[in-house]
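Observations on chain architecture
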Amino acid sequence: MAAYLVRGKCPRGCGETLMLDQSGYVFCSFDKCPQPDAAYLLLEQAPKFLAFIRNDARLLSINPTIDQP
Ligand SMILES: [Zn+2]
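**Comments concerning the overall build of the chain**
When helices and strands are tallied, the chain shows two helices and four strands. The N-to-C order of helical and strand elements in the chain reads β-β-β-α-α-β. Considering only contacts in the chain between residues 6 or more positions apart, those separated by 24 or more positions represent 36%.

Structure follows, in structure tokens:
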């Protein structure tokens with residue numbers, strides 16, 4: 001599945017590992033992340049910001065063809 005690189009860092013300290021998949025789910029792509037959905041859970045508290053990220057990824061088409069492991 002294609003995914004988009006999201007600017008910003010995983011709240012669990014993995015670094016700049018956040019990705020956005022085609023369903024609009026934001027997750028940490030680091031395979032040893034203790035909580036890959038940490039960013040998503042935070043974003044759920046801020047729906048407007050999540051909508052902005054999704055729209056931004058669509059407009060910029062950043063790394064449009066990164067394959068998931
Ligand atoms: Zn992480």
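**Thoughts on the nonpolar core**
Residues Val6, Leu18, Met19, Leu20, Val26, Cys28 and Ala39 are the most contacted members of the largest nonpolar core, which totals 14 residues. For this core, the secondary structure elements donating two or more residues are strand S1 (2–5), strand S2 (18–21), strand S3 (26–28) and helix H1 (38–44).

Parameters at a glance
- Residues numbered from 1 in each chain as written.
- Predicted model: local features only at pLDDT ≥ 70, side-chain atom pairs only at ≥ 80, totals over all residues.
- Helix = DSSP H or I, 4+ residues; strand = E, 2+ residues; numbered from the N terminus.
- Contact = placed C-beta atoms within 7 Å.
- Core = buried A, V, L, I, M, F, W, Y, C linked by C-beta atoms within 7 Å.
- Buried ≥ 20, exposed ≤ 12 C-beta atoms within 10 Å, placed from the backbone.

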